[in-house]
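Per-entry structural report
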Amino acid sequence: MYNYIKVKLKKDGNYNEEEKKIIMSIVEAREEMVRARKYFEIVNDPMLVDYAIYTEQAARAKYMYLLNIAKNKNIKIKYCYMLKEINAV
């Protein structure tokens, strides 16, 4: 999905290069949160659970930080870049 969004965004003339980088960073951070959550759901070792929690918290903080940057720069992200399913686009 990441590559699909990257290609679609590259062709999108509504954003400048800086805005595209910010949007891709947001998409990447969201994917990091999803991976961290999935990892948390499969680990059993208490130390790995702690690691999974910290990883998810870090990804969430990064995601929120990037959303704040986009908001401050008045970047309006199209819904098609934030959908989870490619078929929904």
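A few points on the structure. (Residues numbered from 1 in each chain as written. Predicted model: local features only at pLDDT ≥ 70, side-chain atom pairs only at ≥ 80, totals over all residues. Heavy atoms only, no water.)

1. Re the overall build of the protein chain
Looking only at helices and strands, the protein chain has three helices and zero strands in total. Starting at the N terminus and walking to the C terminus, you meet the elements of the protein chain as α-α-α. Relative to its full complement of 89 residues, the protein chain shows a buried share of 28%. Taking all contacts inside the protein chain whose residues are at least 6 apart in sequence as the whole, residues at least 24 apart take part in 68%. Accessible surface, the protein chain as shown: approximately 6,400 Å² in total, 55% of it carbon and sulfur. (Helix = DSSP H or I, 4+ residues; strand = E, 2+ residues; numbered from the N terminus. Buried < 20%, exposed > 50% of the residue type's maximum accessible area, 1.4 Å probe, protein only. Contact = heavy atoms within 4.5 Å. Areas by Shrake-Rupley, 256 points an atom, 1.4 Å probe, with all protein chains shown as cover.)

2. Things to note about the side chain of Glu-19
Along the chain, the position of Glu-19 falls in helix α2 (residues 17-42). Among buried charged residues, Glu-19 stands out as having no salt bridge; its nearest opposite-charge side chain is Lys-20, 8.5 Å away. (Lys, Arg positive; Asp, Glu negative; His and termini not counted. Salt bridge = Lys/Arg side-chain N within 4 Å of Asp/Glu carboxyl O.)

3. Points about the nonpolar core
Counting residues in each nonpolar core, the largest one holds 17 residues, and the members touching the most others are Leu-9, Tyr-15, Ile-23, Ile-26, Ile-75 and Tyr-81. Looking at this core, the elements with two or more residues in it are α1 (2-11), α2 and α3 (46-72). Of all the elements, α2 adds the most residues to this core, at seven residues. With near-sequence residues (within four places) excluded, Ile-23 lies in contact with Leu-9, Tyr-15, Ile-75, Ile-77 and Tyr-81. (Core = buried A, V, L, I, M, F, W, Y, C linked by side-chain atoms within 4.5 Å.)

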